[in-house]
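Coordinates in review
Chain by chain, the residues:
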Amino acid sequence: MGSGPGAGLGAGLGLALLATVVWSGSFVTSRALADSVPPVQHAFWRWIIAIAAVAPFAARETWRRRALLRRHLPYLLGASLLGVTVYNTLVNQAGVTTTAGNMGMIMAASPVLMAVYERLGGTRLGARRATGMAVAVAGVLLLVGEGSFALDFAAGDLWIIGGAVAFGSYSALLRRRPPEIGGLPFLFATFVLGALMLLPAYAASLALQGGFGPTPGTVAPLLYVGVVSSAVAFFAWNKAIALIGAARAGAVYHLQPVCVALLSFALLGEGTGWLQAACMGLILGGVVLGSAAGRR
């Protein structure tokens, strides 16, 4: 009972949804901390906290598999660079000059890149999933273009486009993860390597911008992104991709602009009008189509 392809699909979709909802909150924190914590320092402390959160569960097993991890070091460095060092740093930089809503909307396009990678790898997406993705992306483009497909990106929008490319590439790379590494050692190793690669930029930020004060307004959001949005959400996302693939998990990821819009309205006061509501309807409809189980 509860086993088989259907159970795996349900679990995978549920984990992808969990990660998507949790990550939506991190866009809001990026926007909220933009004036008090420099973007690179935000990213660095996020990963230090994530390492501390995962270490009790993963450090011993990671150490036991150190020879295996060393053998796959080029792969781990690539995944760490894309998913840890680059992706969240660009998201934080985007939060300085664009809204949380725009960040969520543009990031929702990253599953298109995931699907392209899967198609290049020989995976057949199917007409229903491809149509669902097209509908969801149309909703995203209309949101960014304020009712038209003539897009006018701000500087922050360009930063988040870079983040979307990094995240889409990271998610596609997860499909090539050597299964013998294991989920927790992989997570812990990428967190540590990603934080180490971020260290020179962190040192430069301290020298040029100075540090920030540890207050409840800075520490609480950093704990959220470090523990919940990093340790919990990345584990859920990686597991979801292992179960259902990057393209189908990416279809669920299209829900992110809806979640971000609701959170940014509730926490930051960013408004949502009829156009946003209509486009979110397109995104939701695309998700329903895109995440449906296909037939061979």
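For the structure itself, consult the block above.
Residues numbered from 1 in each chain as written. Predicted model: local features only at pLDDT ≥ 70, side-chain atom pairs only at ≥ 80, totals over all residues. Heavy atoms only, no water.

**Overview of empty space enclosed by the protein**
Filter applied, for reference: Cavities and pockets were defined on a 1 Å grid built over protein atoms only: a cavity is a set of grid points that admits a 1.4 Å probe from which the probe cannot escape, a pocket is an open set flanked by protein on both sides within 12 Å along at least five of seven lines, and lining residues are those with an atom within 4 Å of any such point. Grid points are joined across faces, edges and corners, and a volume is the space filled by probe spheres set on the points.
One pass over the full model with this rule turns up 1 cavity of 30 Å³ or more. Contributing to the lining of the largest cavity are S30, L33, A34, V37, P39, H42, N92 and V96.

**Things to note about the packing of helix α2 (residues 39–64) against helix α10 (residues 216–244)**
Describing two packed helices takes the angle between their axes plus the distance from one axis to the other. Definition in use: For every element, the axis is a line fit to its C-alpha atoms; helices are fit only across the contacting stretch, and the angle between N-to-C directions ranges from 0 to 180 degrees. Where helices and strands are cited, they refer to DSSP runs of H or I of at least four residues and of E of at least two residues respectively, numbered from the N terminus. Reported orientations rely on four angle classes, namely roughly parallel under 35 degrees, roughly antiparallel over 145, roughly perpendicular from 65 to 115, and oblique for the rest. Note: crossing handedness is left-handed where the near helix turns anticlockwise from the far helix by less than a right angle, and right-handed where it turns clockwise. Contacts are assigned to residue pairs that have any heavy atoms within 4.5 Å of one another. Just so you know the grouping, Ala, Val, Leu, Ile, Met, Phe, Trp, Tyr, Cys and Pro go in nonpolar, Asp, Glu, Lys and Arg go in charged, and all remaining residues, Gly too, go in polar.
Two elements in contact, α2 and α10, have axes whose closest approach is 8 Å; the angle formed by their N-to-C orientations is 60°. Considering their axes alone, α2 and α10 lie oblique with respect to each other. Between α2 and α10 lies a crossing whose hand is right-handed. Contact residues: H42, W45, R46, W47, I49, A50, A53 and V54 in α2; L222, L223, V225, G226, V227, S229, S230, A231 and F234 in α10. Class assignment for the residues of the contact of α2 with α10 results in 12 nonpolar, 4 polar and 1 charged.

**Re the environment of L196**
Mapped onto the elements of the fold, L196 is located in helix α9 (residues 183–209). Through-space distance from the C-alpha of L196 to that of W47 is 9.7 Å; in sequence the pair is 149 residues apart.

**Structural notes on the packing of aromatic side chains**
The relative placement of two aromatic rings is captured by the distance of their centres and the angle of their planes. Using the following cut-off: What counts as a ring pair is set by centres within 6.5 Å for rings of Phe, Tyr and Trp (its six-membered ring), and what kind of pair is set by the plane angle: stacked under 30 degrees, edge-to-face over 60, tilted for all other angles. The buried label applies to any residue whose accessible area, calculated with a 1.4 Å probe on protein chains only, is under 20% of its type's maximum; exposed applies above 50%, and partly exposed to all values in between. In our convention, an over-ring charge means Lys NZ or Arg CZ found within 6 Å of a ring centre and within 35 degrees of that ring's normal.
Scanning the model with the defined rule gives 13 aromatic pairs in all. Geometrically, the ring pair formed by W45 and Y202 is edge-to-face, given 6.3 Å between the ring centres and 85° between the ring planes. Here the residue W45 occupies a position in helix α2, and Y202 occupies one in helix α9, the gap between them amounting to 157 residues. The exposure class of Y202 is buried, given its relative accessible area of 12%. The interplanar angle of 80° and the centroid separation of 5.5 Å between the aromatic rings of W47 and F234 together place this pair among those described as edge-to-face. Of this pair, W47 sits in helix α2 while F234 sits in helix α10, placing them 187 residues apart in sequence. By relative accessible area, W47 is classed as buried at 0%. Judged by its relative accessible area of 0%, F234 falls in the buried class. By way of ring pairs, the aromatic residues W23, W47, Y87, F167, Y170, F191, F234 and W237 are connected into one cluster. Lying across the ring of W63, R66 places its NZ or CZ 4.1 Å from the centre.

No statement about biological role is implied by the geometric values presented.
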